[in-house]
Each structure stands twice: as structure tokens, then as C-alpha cells.
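# Tertiary structure, described
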Amino acid sequence: MRSHAETMDRVRRSAQNRIIYLPHAVRQMSRPERMIGAADVRNVIASGEIIEDYPEDVRGHSCLILGRGTGGAIHVVCAPKADYLAIITAYRPSPQEWDGNFKKRKKS
């Protein structure tokens, strides 16, 4: 099992090759109340931290990264591949669903 640091290195290396936005990510990023740009996603990848890891994801190993963008906190779910980084979704975390620093999900 990889450490978060190893996974983050893999994410950043994949992003240097190419970033591909899956249709779900494009829909979520372009919602009027979200409006997350590609520069915001790149910033999260460059300076964010992994807060959840999904090594058994059906799309391949993926992770949830917390970072900052225009307007505050952003979560990016991505899957690093050999030739590219797949952005699965990106959204602004809700204070109703996440703790104060947006790192842990609130218990329901």
C-alpha cells in the first residue's frame, strides 16, 4: 500500500504529462454556485494534501485532495495514470458535510 506522499508524487507526475477532465468533473465544476476553473484544479494538485485514499476504486487507484482555489477550499477527486491524471470531480466542500477544516466528513 502506498503512503499519501507516494500517491501525491504519482498524482503530480501524472498531471505534468496531461490532465483529463471526465464529463462528471466538467459538469460539477461549471455549476453556477461552484465555478471551479482549471487553474484552481492545478493549484489544488500542486499544493494540496490527500485527505482520503481509494486504492480499490473501480476506476483505478484514486484519491481526494483538499486544496485552496479562488473562493476558498476545493476538493478534487483524481486518478493518476501512467500518461495522464484523470479528474473525476471537483467541488467546494459543504460545511454541513465536512468539519471546519474540510478534512473529515461529519458523521451522519
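Above this text is the structure in question.
Anyway, here's the lowdown on the structure attached to this text. For clarity, every value in this text was computed on a predicted model and none was experimentally measured. (Residues numbered from 1 in each chain as written. Predicted model: local features only at pLDDT ≥ 70, side-chain atom pairs only at ≥ 80, totals over all residues. Heavy atoms only, no water.)

### Digging into the environment of Ser3
- Its place among the elements puts Ser3 in the segment before helix 1 (4-17).
- C-alpha of Ser3 to C-alpha of Thr89: the two residues are 86 residues apart in sequence and 22 Å apart in space. (Helix = DSSP H or I, 4+ residues; strand = E, 2+ residues; numbered from the N terminus.)

### Some remarks on the pairing of strand 5 (residues 85-91)
- Burial analysis of strand 5 places seven of its seven residues in the buried class, which makes it a mostly covered element.
- Across three bridges, the pairing between strand 1 (residues 19-21) and strand 5 is parallel. Considered in strand 5, the bridge of Ile20 is made with Ala86.
- Pairing between strand 4 (residues 72-80) and strand 5: six bridges, direction antiparallel. Of the residues in strand 5, the one forming a bridge with Val76 is Ala90.
- In textbook terms, the turn of a hairpin is the stretch between consecutive antiparallel strands, and for strand 4 and strand 5 this stretch comprises four residues. (Buried < 20%, exposed > 50% of the residue type's maximum accessible area, 1.4 Å probe, protein only. Pairing = 2+ DSSP bridges.)

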